[in-house]
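# Reading the structure
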Amino acid sequence: NEPEHPMIPLAETTFFVKAYGDSVRFRGTSGGRAQEIMFRKAVAPRVPETDVGDMTAYAGKYWSPDLEASVTIILEDGQLRALQRRSGSTTLQHVTGDVFTTTRWYMPVIEFKRNGQEKVMSLEMSTVRSRRERFLRQE
């Protein structure tokens, strides 16, 4: 996750971002929300919003035999939080489906995995140094 950078309006849908030394353009606005973002020659479409459903399905204790580490996911005040013994807790932000992000460098992306009966059985953490570190559900 990157820090916020101020945007200077150049036109109704175009803004200059000094930190990038370039402009960003929002296209296809619908109901006041951009459908895609243009930066340099890249176009990024809006990720469709999905309903996270029953967040209690994610709560539980998870263990990684490879890392010999655990993480506990709790539901607190309507927000999912990841708790770890050494580093405390952080809020999970829903992205899409069973994918969440956090502001912690060591767990920026968390994806929950379900079995054939749609029960959450594990989670995978991905970072810049490792991909899909699996944590098995203990409860």
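Presented here is an overview of the structure given in this document.

## Quick look at the overall build of the protein
Per the secondary structure count, the protein includes 0 helices and 14 strands. For the protein, the α and β elements follow one another from N to C terminus as β-β-β-β-β-β-β-β-β-β-β-β-β-β. Against the compact-globule benchmark of 14 Å for 139 residues, the protein has a radius of gyration of 18 Å, which places it well outside the compact range. Oriented by its inertia axes, the alpha-carbon framework of the protein measures out at about 55 × 30 × 30 Å. Expressed as a percentage of the 139 residues in the protein, the buried residues total 26%. Counted over contacts in the protein with a minimum sequence separation of 6, partners at least 24 positions apart contribute 22%. In the structure as shown, the protein presents an accessible area of about 9500 Å², 51% of it carried by carbon and sulfur atoms. Between the centroid of the 20 positive side chains of the protein and the centroid of its 18 negative side chains there is a distance of 5 Å.

## Observations concerning unusual backbone geometry
Residue Glu 68 is not a glycine yet carries a positive backbone phi of 50 degrees. Mapping Glu 68 onto the fold places it in the loop between β6 (60-64) and β7 (69-76). Owing to a relative accessible area of 63%, Glu 68 belongs among the exposed residues under this scheme. Here the phi dihedral of Asp 77 falls at roughly 55 degrees; this positive angle occurs in a residue that is not glycine. Here Asp 77 is to be found in the loop between β7 and β8 (79-84).

## Comments concerning the sheet that holds strand β14 (residues 133-137)
Overall, antiparallel pairing links the 9 strands, which are arranged β9-β8-β7-β6-β14-β13-β12-β11-β10 in an open sheet. A strand with exactly one partner marks an edge of an open sheet, and here the two such strands are β9 (88-91) and β10 (93-96). Strand-to-strand, the axes of this sheet are offset by a mean angle of 30 degrees, without reference to chain direction.

## Some remarks on the sheet that holds strand β2 (residues 14-17)
Reading across from one edge, β1-β2-β3-β4-β5 is the order of the 5 strands in this open sheet, with antiparallel pairing throughout. With one partner strand each, in any of the chains shown, β1 (7-9) and β5 (42-45) form the two edges of the open sheet. Taking each pair of neighbouring strands and ignoring which way they run, the sheet shows an average axis angle of 25 degrees.

Procedures and definitions
- Residues numbered from 1 in each chain as written.
- Predicted model: local features only at pLDDT ≥ 70, side-chain atom pairs only at ≥ 80, totals over all residues.
- Heavy atoms only, no water.
- Helix = DSSP H or I, 4+ residues; strand = E, 2+ residues; numbered from the N terminus.
- Rg over C-alpha atoms; globule rule 2.2 N^0.38 Å.
- Buried < 20%, exposed > 50% of the residue type's maximum accessible area, 1.4 Å probe, protein only.
- Contact = heavy atoms within 4.5 Å.
- Areas by Shrake-Rupley, 256 points an atom, 1.4 Å probe, with all protein chains shown as cover.
- Lys, Arg positive; Asp, Glu negative; His and termini not counted.
- Charge placed at Lys NZ, Arg CZ, Asp CG, Glu CD.
- Pairing = 2+ DSSP bridges.
- Axes fitted to C-alpha atoms, helices over the stretch in contact; angles between N-to-C directions.

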